[in-house]
Amino acid sequence: NNNRNSMGITAMNGPMMIPQSEIDAFNESVELSSSEKEILNLLSQGYTNAEIAKLRKNTSKKSNSNGNGVSASSTSSVSRIISTLYSKTLTKTRTELVKWGLKMGHIPKE
């Protein structure tokens with residue numbers, strides 16, 4: 001009993017029983033922007049969204065600080081990019097996202 005879902009992935013013998021070959025093909029087709037790669041790398045180092053926003057602000061020398069060195073729009077931008085990463089990678093947590101990044105080679109193994 002094979003059924004294709006809205007993403008074209010075949011479920012076999014029940015919901016979410018996706019062949020590993022299709023999962024691998026999907027994962028290899030995911031492309032990340034430079035911002036997504038940067039944020040994924042910082043997530044892998046354990047930084048919070050606010051810390052990531054502050055680091056990105058310091059490297060880009062942007063202004064509009066709210067007094068604690070973190071721009072509110074920067075923090076929301078980081079959250080939005082992380083949400084996009086979850087969608088692109090079909091992950092639900094930071095841990096799953098980092099594991100995906102390591103597996104796919106987007107995070108350097110040290």
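For the structure itself, look to the data block above.
Quick look at the structure, then. None of these values were measured; they are calculated from a predicted model. (Residues numbered from 1 in each chain as written. Predicted model: local features only at pLDDT ≥ 70, side-chain atom pairs only at ≥ 80, totals over all residues. Heavy atoms only, no water.)

Looking at the packing of helix H2 (residues 34-44) against helix H3 (residues 49-60)
Here is step 1: Interhelical geometry of H2 versus H3 gives an angle of 130° and a closest axis separation of 11 Å. In terms of their interaxial angle, H2 and H3 are classed as oblique. Considering the relative orientation of H2 and H3, their crossing is right-handed. Of H3, the residues touching H2 (which contributes Ser35, Glu38, Ile39, Leu42 and Leu43) are Ile52, Leu55, Arg56 and Thr59.
Here is step 2: A per-class count over the contact of H2 with H3 returns five nonpolar, two polar and two charged. (Axes fitted to C-alpha atoms, helices over the stretch in contact; angles between N-to-C directions. Helix = DSSP H or I, 4+ residues; strand = E, 2+ residues; numbered from the N terminus. Parallel < 35°, antiparallel > 145°, perpendicular 65-115°, else oblique. Left-handed = near helix turned anticlockwise from the far one by under 90°. Contact = heavy atoms within 4.5 Å. Nonpolar A, V, L, I, M, F, W, Y, C, P; charged D, E, K, R; others polar.)

Points about H2
Here is step 1: Within the span of H2, buried status applies to Glu36, Ile39, Leu40, Leu42 and Leu43. Projected down its long axis, H2 carries its buried residues within an arc of 165°, all on one side. (Buried < 20%, exposed > 50% of the residue type's maximum accessible area, 1.4 Å probe, protein only. Arc of directions from axis to C-beta.)

Remarks on the packing of H2 against helix H5 (residues 94-103)
Here is step 1: One way to put it is that H2 packs onto H5 with a least axis distance of 10 Å and a crossing angle of 110°. Relative to H5, the element H2 is oriented roughly perpendicular. As H2 runs across H5, the sense of the crossing is left-handed. From H2, Leu40, Leu43 and Ser44 reach across to H5, where they touch Arg94, Leu97, Val98, Trp100 and Gly101.
Here is step 2: Along the lines of polarity and charge, the residues of the contact of H2 with H5 split into five nonpolar, two polar and one charged.

Honestly, it's all geometry; don't read function into it.
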